[in-house]
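Here's the letter readout for the chains.
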Amino acid sequence: MRIGELARATGTTARALRHYEQVGLISSQRAPNGYRIYDERAVVRVRNIRYLLAAGLTLDDVRVFLPCLDGDVAAAPPSEKGLRVALERLAVLNERIAAQTEARDRLEAAFRQATGDRIRPVA
């Protein structure tokens, strides 16, 4: 299948697919005209990549899951390495959330002080 077909089948963009290929998560063959041709199994692989990205992992994190990207990632028993990567990413996300919460609270306090608490910020 060509790149546009794979993009449509997986709900992603050709640009994202080229990026996944560039970082070694998927591969293609080249047709005589230079077009990328993907195996039908690439659909499962790309959907799994997108599933892991949507869960908060980065493309570097997804590399750990390369051995199981062609199966049912969501149902597979997690490996120790996979669990470690997920826990590390969770810690990073929690730190970011805490920092954003602190920034929001400081801004809200400054806003309340500046307005005499007459106007409430949008929640």
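Just so you know, these numbers come straight off a predicted model, no measurement behind them.

A word on the side chain of Glu 21
Then comes step 1: Along the chain, the position of Glu 21 falls in helix 2 (residues 14-22).
Then comes step 2: A polar side-chain atom of Glu 21 sits 2.7 Å from a polar atom in the side chain of Ser 28.
Then comes step 3: Those residues within four positions of Glu 21 in sequence are excluded, and the remaining contacts are Ile 26, Ser 27, Ser 28, Arg 36 and Tyr 38.

Some remarks on helix 2
Then comes step 1: Those residues of helix 2 lying buried are Ala 16, Leu 17, Tyr 20 and Glu 21. End-on view of helix 2: buried residues confined to an arc of 140 degrees, all on one side of the axis. The exposed residues of helix 2 that point more than 90 degrees off its buried face are Arg 15 and Gln 22.
Then comes step 2: Looking at the buried residues of helix 2, the elements they touch are helix 1 (3-10), strand 2 (36-37), helix 3 (42-54) and helix 4 (59-62).
Then comes step 3: A positive backbone phi angle near 85 degrees is found at Gly 24, which sits one or two residues after helix 2.

Here we look at the nonpolar core
Most often, soluble globular proteins keep nonpolar side chains buried together rather than apart.
Then comes step 1: Of all hydrophobic cores here, the largest spans 23 residues; its most connected members are Leu 6, Leu 17, Tyr 20, Tyr 38 and Ile 49.
Then comes step 2: Only helix 1, helix 2, helix 3 and helix 4 provide two or more residues apiece to this core.
Then comes step 3: Take this core: its biggest share by element is 5 residues, from helix 3.
Then comes step 4: The contact partners of Ile 49, leaving out residues within four places of it in the chain, are Tyr 20, Leu 25, Ile 26, Leu 59, Val 62 and Leu 69.

Things to note about the packing of helix 1 against helix 2
Then comes step 1: The geometry of helix 1 relative to helix 2 is characterised by a closest axis approach of 9 Å and an angle of 105 degrees between their N-to-C directions. As the angle between them shows, helix 1 and helix 2 are arranged roughly perpendicular. Within the contact between the two elements, helix 1 uses Ile 3, Leu 6 and Ala 7 and helix 2 uses Ala 14, Leu 17 and Arg 18.
Then comes step 2: Residues of the contact of helix 1 with helix 2, tallied by class, amount to 5 nonpolar, no polar and 1 charged.

Section: helix 1
Then comes step 1: Every buried residue of helix 1 is accounted for by Ile 3, Leu 6, Ala 7 and Thr 10. The buried residues of helix 1 occupy an angular sector of 100 degrees when the element is viewed end-on, so they sit on one face.
Then comes step 2: Among the structural elements, helix 2, strand 2 and helix 3 are those in contact with the buried residues of helix 1.
Then comes step 3: Among the residues trailing helix 1, Gly 11 stands out with phi positive, at a value near 70 degrees.

Thoughts on the layout of surface pockets
Over the atoms a probe the size of a water molecule is rolled, and this reveals where empty space is left.
Then comes step 1: Roughly 420 Å³ of internal volume is contained in the largest pocket.
Then comes step 2: Lining of the largest pocket is provided by 22 residues; of these, Leu 52, Phe 65, Pro 78, Gly 82 and Ala 86 occupy positions nearest its centre.
Then comes step 3: Mapped by element, the contributors of at least two residues to the lining of the largest pocket are helix 3 and helix 5 (80-115).
Then comes step 4: Here the residues of the lining of the largest pocket are counted per class, giving 18 nonpolar, 3 polar and 1 charged.
Then comes step 5: Space inside the second largest pocket adds up to approximately 170 Å³.

Conventions used here
Residues numbered from 1 in each chain as written. Predicted model: local features only at pLDDT ≥ 70, side-chain atom pairs only at ≥ 80, totals over all residues. Heavy atoms only, no water. Helix = DSSP H or I, 4+ residues; strand = E, 2+ residues; numbered from the N terminus. Polar contact = N/O pair within 3.5 Å; in protein donor to acceptor, adjacent residues only side chain to side chain. Contact = heavy atoms within 4.5 Å. Buried < 20%, exposed > 50% of the residue type's maximum accessible area, 1.4 Å probe, protein only. Arc of directions from axis to C-beta. Core = buried A, V, L, I, M, F, W, Y, C linked by side-chain atoms within 4.5 Å. Axes fitted to C-alpha atoms, helices over the stretch in contact; angles between N-to-C directions. Parallel < 35°, antiparallel > 145°, perpendicular 65-115°, else oblique. Nonpolar A, V, L, I, M, F, W, Y, C, P; charged D, E, K, R; others polar. 1 Å grid on protein atoms, 1.4 Å probe; cavity = no way out; pocket = protein on both sides within 12 Å on 5 of 7 lines; lining within 4 Å. Points joined across faces, edges and corners; volume = space filled by probe spheres on them.

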